[in-house]
Amino acid sequence: MGECSILDEVQRAPDLLSYLQGIVDADRTPGRFLLTGSSQFELIEAITQSLAGRTSLLTLLPFSLRELQ
């Protein structure tokens, strides 16, 4: 895998998704962007509409007590 840009709290910049759509369409290399943020219905809906077929959603569980130690 090459370089990856990590964009955190993407739900705070919803216009970013349309911008990324153009970039991803120009170069379909997977794994170039990692988008993180709070799971909000509005964000998930926006991703499925503007980046359909270009994204994978991964739900992460909270840390276990053992992991926190």
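All values derive from a computational prediction rather than experimental measurement.

Novice: Would you explain the overall build of the protein in this entry?
Specialist: Helix and strand counts for the protein come out as 3 helices and 2 strands. Counting from the amino terminus, helix and strand elements in the protein follow one another as β-α-β-α-α. In the protein, which comprises 69 residues, the proportion classed as buried is 13%. Put simply, 76% of the contacts in the protein that link residues at least 6 apart link residues at least 24 apart.

Novice: Got a minute to help me understand unusual backbone geometry in this structure?
Specialist: For residues other than glycine, phi is negative in most cases, and the peptide bonds are mostly trans. The backbone of Glu-9 shows a phi angle near 55°, a positive value even though the residue is not glycine. Along the chain, Glu-9 turns up in the loop between strand S1 (5-7) and helix H1 (15-26). Classification of Glu-9 by relative accessible area gives partly exposed; the value is 29%.

Novice: Would you take a moment to explain a nonpolar patch on the surface for this structure?
Specialist: There is a patch of nonpolar side chains on the surface, built from Phe-63, Leu-65 and Leu-68 and spanning about 410 Å² of accessible area. Mapped onto the elements, Phe-63 comes out in the loop between helix H2 (41-50) and helix H3 (65-68).

Novice: When you look at the environment of Gly-22 in this model, what are you seeing that I'm missing?
Specialist: Residue position: Gly-22 is located in helix H1. Considering only alpha carbons, one finds Gly-22 and Leu-51, 29 residues apart in sequence, at a separation of 9.6 Å.

Novice: How should the confidence of the model for the protein be read in this particular structure?
Specialist: Regions with low pLDDT carry predicted coordinates that are not meant to be interpreted in detail. Of the residues in the protein, 83% reach a pLDDT of 70 or more, and the chain-wide mean stands at 80. Taken element by element, the protein is modelled with least confidence in H2, mean pLDDT 62, and with most confidence in S1, mean pLDDT 91.

Novice: Would you explain the pattern of salt bridges in this entry?
Specialist: When charged atoms on two side chains of opposite charge get close, those side chains can pair. What the rule picks out here adds up to 3 salt bridges. For Asp-25, the salt bridge goes to Arg-28, with nearest N and O atoms at 3.3 Å. Measuring nitrogen to oxygen at the nearest pair gives 3.4 Å for the salt bridge that ties Arg-32 to Asp-27.

Conventions used here
- Residues numbered from 1 in each chain as written.
- Predicted model: local features only at pLDDT ≥ 70, side-chain atom pairs only at ≥ 80, totals over all residues.
- Heavy atoms only, no water.
- Helix = DSSP H or I, 4+ residues; strand = E, 2+ residues; numbered from the N terminus.
- Buried < 20%, exposed > 50% of the residue type's maximum accessible area, 1.4 Å probe, protein only.
- Contact = heavy atoms within 4.5 Å.
- Patch = residues over 30% accessible without salt bridge, like charges linked within 9 Å, V, L, I, M, F, W, Y side chains within 5 Å.
- Areas by Shrake-Rupley, 256 points an atom, 1.4 Å probe, with all protein chains shown as cover.
- Salt bridge = Lys/Arg side-chain N within 4 Å of Asp/Glu carboxyl O.
- pLDDT = per-residue confidence, 0-100.

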